[in-house]
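One-letter residues, chain by chain:
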Amino acid sequence: MPNQLVCRPEQAGPVAVLRINGTLDQLTGDALQQAIRLRLATGPSRLLLDVTEMRVGDPLGLTALSAAVCETAEWPNVPIVVCGADPRTRQTVVEAPDCEDLEFADDCDEAIAEGAAEPEPPSIHVRLRPVPDACRQVRALVTQACAKWQRGELAAVAALIATELVANVVRHAHTTMEFTVTALRDGRLCMSVRDHSRRMPKPAEAAVTDAGGRGLRLVRDLTEAWGVLPVNDGKVVWTQLNAG
């Protein structure tokens, strides 16, 4: 009988918690990776993995954890904390490739309290329908947010990028979307759009005479970094930019 791994999300809010129960191996590793992606797609300030009831049956299963750590290093770029690991599990995780930067905590409840005590960066989150007016709404929202957060020098570029991110969903995904803009502590501005289409975006090489097709090229050229986080019910397209 194949091993099973159950990943149960808990703790809504800035500190996300994933309770993991069962055996981690090559077969169940994909379930872990998908569960981590889904929790990180909500843009938490910290992700806690409660592995008290998890057993590492095959260290190769930790490649899923390594992959999740690598693909989310730039966004949402939050601490991933492994809670409740016994000495053997902790040593196995530490020795896995790309997992050396993971944090550890003995008690998950204490880690939740510690994370909740940290100040959150200012953020605005809205749900939008896939209609053309969504572009106007998000443009106004970002302009007002930049003024409120003393990021006026970013307002024009940020509004343009936000418009292109939302317009891409309106034109291609045709699903409801969740738009988030966050003022990071280091001066950067982060924006993300989550939709429910698994169609992956890519910048098009539009000709001079083409009426459209330049949206993601603008996003790529005007931001410090951008990327796509695929999840099993869609994707998150994210960007980061700074005054430079």
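Residues numbered from 1 in each chain as written. Predicted model: local features only at pLDDT ≥ 70, side-chain atom pairs only at ≥ 80, totals over all residues. Heavy atoms only, no water.

**Overview of the overall build of the protein chain**
Counting secondary structure elements, the protein chain contains 7 helices and 10 strands. Against the compact-globule benchmark of 18 Å for 244 residues, the protein chain has a radius of gyration of 19 Å, which places it among compact chains. On the principal axes, the C-alpha backbone points of the protein chain span a range of 60 × 40 × 30 Å. Counting every position in the protein chain, which comprises 244 residues, the buried fraction comes to 49%. For the protein chain, the proportion of contacts with a sequence separation of at least 24, taken over those separated by at least 6, is 66%. Put simply, the protein chain shows about 12,400 Å² of open surface, and 50% of that area lies on carbon and sulfur atoms. Of note, the protein chain has its 25 positive side-chain charges centred 10 Å away from the centre of its 32 negative side-chain charges. (Helix = DSSP H or I, 4+ residues; strand = E, 2+ residues; numbered from the N terminus. Rg over C-alpha atoms; globule rule 2.2 N^0.38 Å. Buried < 20%, exposed > 50% of the residue type's maximum accessible area, 1.4 Å probe, protein only. Contact = heavy atoms within 4.5 Å. Areas by Shrake-Rupley, 256 points an atom, 1.4 Å probe, with all protein chains shown as cover. Lys, Arg positive; Asp, Glu negative; His and termini not counted. Charge placed at Lys NZ, Arg CZ, Asp CG, Glu CD.)

**Thoughts on the packing of helix α6 (residues 155-173) against helix α7 (residues 215-222)**
When two helices pack together, you describe them by how their axes are tilted relative to each other and by the distance separating the axes. Where α6 contacts α7, the two axes come as close as 9 Å, and the packing angle between them is 145°. Between α6 and α7 lies a crossing whose hand is left-handed. Taking contact as the criterion, the partners of Val 157, Leu 160, Ile 161, Glu 164, Leu 165 and Asn 168 in α6 are, on α7, Gly 215, Leu 216, Leu 218, Val 219 and Leu 222. The class makeup of the residues in the contact of α6 with α7 is 8 nonpolar, 2 polar and 1 charged. (Axes fitted to C-alpha atoms, helices over the stretch in contact; angles between N-to-C directions. Left-handed = near helix turned anticlockwise from the far one by under 90°. Nonpolar A, V, L, I, M, F, W, Y, C, P; charged D, E, K, R; others polar.)

**Quick look at the pairing of strand β7 (residues 177-183)**
Summarising burial for β7: 7 of the 7 residues are buried, a large majority. Side chains Met 177, Phe 179, Val 181 and Ala 183 of β7 all project onto a buried face; the interleaved residues Glu 178, Thr 180 and Thr 182 project onto the opposite face, where all are buried too. Strand direction decides the pairing type here: strand β6 (residues 123-128) and β7, joined by 6 bridges, are antiparallel. Residue pairing across strands places Ile 124 opposite Val 181, the latter belonging to β7. By the bridge criterion, 6 bridges tie β7 to strand β8 (residues 189-195) in an arrangement that is antiparallel. Note that in β8 the partner of Glu 178 across the bridge is Arg 194. Adjacent in sequence and paired antiparallel, β7 and β8 are bridged by 5 residues, among which Gly 187 carries a positive phi angle near 95°. (Pairing = 2+ DSSP bridges.)

**Observations regarding the sheet that holds strand β2 (residues 15-24)**
In space, the 5 strands of this open sheet follow the order β1-β2-β3-β4-β5, with mixed pairing throughout. Each edge of the open sheet carries a strand with a single partner, namely β1 (5-10) and β5 (103-105). The sheet shows a mean angle of 25° between the axes of neighbouring strands, taken without regard to direction.

**A few points about a negative patch on the surface**
Together, Asp 106, Asp 107, Asp 109, Glu 110 and Glu 114 give the surface a local cluster of negative charge. The topology assignment puts Asp 106 in the loop between β5 and α4 (108-116). (Patch = residues over 30% accessible without salt bridge, like charges linked within 9 Å, V, L, I, M, F, W, Y side chains within 5 Å. Salt bridge = Lys/Arg side-chain N within 4 Å of Asp/Glu carboxyl O.)

**Concerning the environment of Cys 146**
Summarising the element assignment, Cys 146 is placed in helix α5 (residues 133-148). Note: C-alpha distance between Cys 146 and Ala 159 (13 residues apart in sequence) is 9.2 Å. Beyond its immediate stretch of four places on either side in the chain, Cys 146 contacts Arg 151, Gly 152, Leu 154, Ala 155, Ala 158 and Leu 189.

**Structural notes on the packing of helix α1 (residues 29-40) against helix α2 (residues 63-71)**
Direction vectors running N to C along α1 and α2 enclose 25°, while the axes themselves pass 8 Å from each other. Between α1 and α2, the angle is such that the two are roughly parallel. By crossing handedness, the relation of α1 to α2 is classed as right-handed. Between α1, through Gly 29, Asp 30, Leu 32, Gln 33, Ile 36 and Arg 37, and α2, the contact on the second element is made entirely by Ala 64, Leu 65, Ala 67, Ala 68 and Glu 71. (Parallel < 35°, antiparallel > 145°, perpendicular 65-115°, else oblique.)

**Structural notes on the confidence of the model for the protein chain**
Residues shown with low pLDDT carry predicted positions that ought not to be read at fine detail. In this model, the protein chain carries a mean pLDDT of 90, and residues with pLDDT of at least 70 account for 93%. For the protein chain, α7 is the element with the lowest average pLDDT, namely 85, and α5 is the one with the highest, namely 97. Here residues 206-213 is modelled with pLDDT under 50, and outside its nearest four sequence neighbours on either side it reaches 8 contacts, counting other chains as well. (pLDDT = per-residue confidence, 0-100.)

**A short note on the nonpolar core**
Residues Val 142, Val 166, Phe 179, Val 181, Leu 189 and Met 191 are the most contacted members of the largest nonpolar core, which totals 31 residues. Contributing elements (two or more residues each) for this core: α5, α6, β7, β8, α7 and β10 (234-241). It is α6 that contributes the most residues to this core, 10 residues altogether. Once residues lying within four places of it in the same chain are set aside, the contact partners of Leu 189 are Cys 146, Trp 149, Arg 151, Leu 154, Ala 158, Val 181, Thr 182, Ala 183, Thr 239, Gln 240 and Leu 241. The next biggest cluster of nonpolar side chains, apart from the first, holds 27 residues, and it includes Leu 5, Leu 49, Leu 62 and Cys 99. (Core = buried A, V, L, I, M, F, W, Y, C linked by side-chain atoms within 4.5 Å.)

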